[in-house]
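This is what each chain is made of:
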Amino acid sequence: MRVRLKASFTTAGYHGQALAILTALKTYGMIVADNGSNWYISGTPDPRWSDDDLDQLKRVPGTAFEVVKSGPLHTH
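Now for a quick tour of the structure. (Residues numbered from 1 in each chain as written. Predicted model: local features only at pLDDT ≥ 70, side-chain atom pairs only at ≥ 80, totals over all residues. Heavy atoms only, no water.)

### What to know about the environment of Thr-10
For clarity, the cut-off: Working definition: helices are DSSP H or I runs of at least four residues, strands are E runs of at least two. Numbering for both runs from the N terminus. Residues adjacent in sequence count toward polar contacts only when both atoms are side-chain atoms; beyond that, a polar contact is any pair of N or O atoms within 3.5 Å, and within protein one must be able to donate a hydrogen and the other to accept it.
Within the secondary structure, Thr-10 sits in the loop between β1 (2-5) and α1 (16-27). Spatially, the C-alpha atom of Thr-10 lies 9.5 Å from that of Ala-64, the residues being 54 residues apart in sequence. There is a polar contact of 3.2 Å between the side chain of Thr-10 and the backbone nitrogen of Ala-12.

Right, here's the structure in full:
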């Protein structure tokens, strides 16, 4: 499922790389892959990312996102 950060979500109080990611999520969104756990944002590890900045993303609730496109469900 593709979701996008709602335009109404305030990014005040966020800074650095987290702010850049939140800005991109408002424009481009992200893909949700259900693996049975609570929502979290994951990506490829890279030493250029600041863990302190990225920890701010843990404050963004799932309710801050809206569905952009939901594909068909496939059952096997």
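Read on, since the account is not over.
### As for the packing of aromatic side chains
The condition is simple: The rule is short: rings of Phe, Tyr and Trp, with Trp giving its six-membered ring, pair when the centres are within 6.5 Å, and they are stacked under 30 degrees, edge-to-face over 60, tilted in between. Partly exposed residues are those whose accessible area sits between 20% and 50% of the maximum for their type, while under 20% is buried and over 50% is exposed, using a 1.4 Å probe and protein chains only.
Counted by the stated rule, this structure contains one aromatic pair. With 6.1 Å between their ring centres and 45° between their planes, Phe-9 and Tyr-14 make a pair best called tilted. A relative accessible area of 16% places Phe-9 in the buried class.

### A short note on the side chain of Gln-56
Our working rule: Contact criterion: two residues are considered in contact whenever any of their non-hydrogen atoms come within 4.5 Å of each other.
Position of Gln-56 relative to the elements: it lies in the loop between α2 (51-54) and β3 (65-69). Its relative accessible area of 5% is what places Gln-56 among the buried residues. From its side chain, Gln-56 meets the backbone oxygen of Asp-53 in a polar contact 3.0 Å long. Ignoring sequence-local partners within four residues, the contact set of Gln-56 consists of Gly-13, Tyr-14, His-15 and Ala-18.

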